[in-house]
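Geometric and topological summary
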Amino acid sequence: MTSIQGKKLIIFDLDGTLTPPKQDMEPVTAELLTNLIKNIQVAVISGGNYLRFQNQFLKSLPQGVDGLSNLYLLPTSGTRLLVWQNDWVEKYKEELSEQERKEVKDALTLSIDQSGLEKPTETFGQIIEDRGSQITFSALGQEAPLELKVKWDPTHEKRQKIIDILRPKLPKFDIRIGGTTSIDITRRGMNKAYGIHKLEQYLKISLSDMLFVGDALFYGGNDYPVKATGIDCIEVKGPEETDQLIKSWFA
Ligand SMILES: [Mg+2]
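Let me sum up the structure you'll find in this document.

Considering the side chain of Gln134
With respect to the helices and strands, the residue Gln134 is situated in the loop between strand S6 (128–130) and strand S7 (135–138). The class of Gln134 is buried, set by a relative accessible area of 0%. A polar contact is formed between the side chain of Gln134 and the side chain of Thr136, at a distance of 3.0 Å. A polar contact is formed between the side chain of Gln134 and the side chain of Asp184, at a distance of 3.1 Å. Excluding residues that lie within four positions of it along the chain, Gln134 makes contacts with Gly47, Thr76, Ser77, Leu96, Glu129, Asp184, Ile185 and Thr186.

Written as structure tokens, this is what we have:
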């Protein structure tokens, strides 16, 4: 699709779509996006937390950008919604209970053991991160260098193995492959589709007037639940393709 005619809201995934995984948005993408926000409402949805949005995305937008009120942020797979009202204001947040967090962390630790996967020789930062509304497993740690991460599980085989063991242990949760080495776990139904339905209610925009752009729309990917909403989806391989896509809308 090279047209956004008739669309009222464009929703982007963050990692691997607007930015390289866990890296700053490139100036060219920031410029294209700034231009887009002036013309149409834009939402960004990610498995990452709000801090990541600030560091990886918001700080790359030009200072004093006009029309931030056209931008909506949905961190941690849409379990939170932030809107711009002279500052970022939270509209909802879906937290896991203490009991749920413990259940997930215990099952995850056990499943990793049972998978028989070789333990990485070196890790960087937290392996299991508690994001409040989401628990995230990062095989090499949250701070691992990208060049190591891209080599760890390019075919998703390792994570799928863990997920196959984990799923029966956590029937009340959604489990998805995210980022380059990570698995995201949220309460059942708390995924990007949930965030999109929240946007539908909050903005009163119908699903047919939305367009989603993401890099993980394949089965098991963290953008896959979006497909179930029935909104138009475009799959990109990375930020360069996203840049080209946005350019094509203005051509
Ligand atoms: Mg992605």
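What to know about the sheet that holds S6
Pairing in this open sheet of four strands is antiparallel, and the strands run S6-S7-S9-S8 from one edge to the other. Looking along the sheet, the strands with just one partner apiece sit at the ends: S6 and strand S8 (173–178). In this sheet, neighbouring strand axes are inclined to one another by 20° on average, regardless of whether the strands run parallel or antiparallel. As judged from the three bridges shared by S6 and S7, these two strands associate in the antiparallel manner. Paired with Ile128 across the bridge in S7 is Phe137. Contacts from helix H3 (residues 98–115) reach S6, S7, S8 and strand S9 (182–187), with the element oriented near 20° to S7. On top of the sheet, helix H5 (residues 157–166) reaches S7, S8 and S9; it is set at about 175° to S8, its chief contact.

Criteria and cut-off values
- Residues numbered from 1 in each chain as written.
- Predicted model: local features only at pLDDT ≥ 70, side-chain atom pairs only at ≥ 80, totals over all residues.
- Heavy atoms only, no water.
- Helix = DSSP H or I, 4+ residues; strand = E, 2+ residues; numbered from the N terminus.
- Buried < 20%, exposed > 50% of the residue type's maximum accessible area, 1.4 Å probe, protein only.
- Polar contact = N/O pair within 3.5 Å; in protein donor to acceptor, adjacent residues only side chain to side chain.
- Contact = heavy atoms within 4.5 Å.
- Pairing = 2+ DSSP bridges.
- Axes fitted to C-alpha atoms, helices over the stretch in contact; angles between N-to-C directions.

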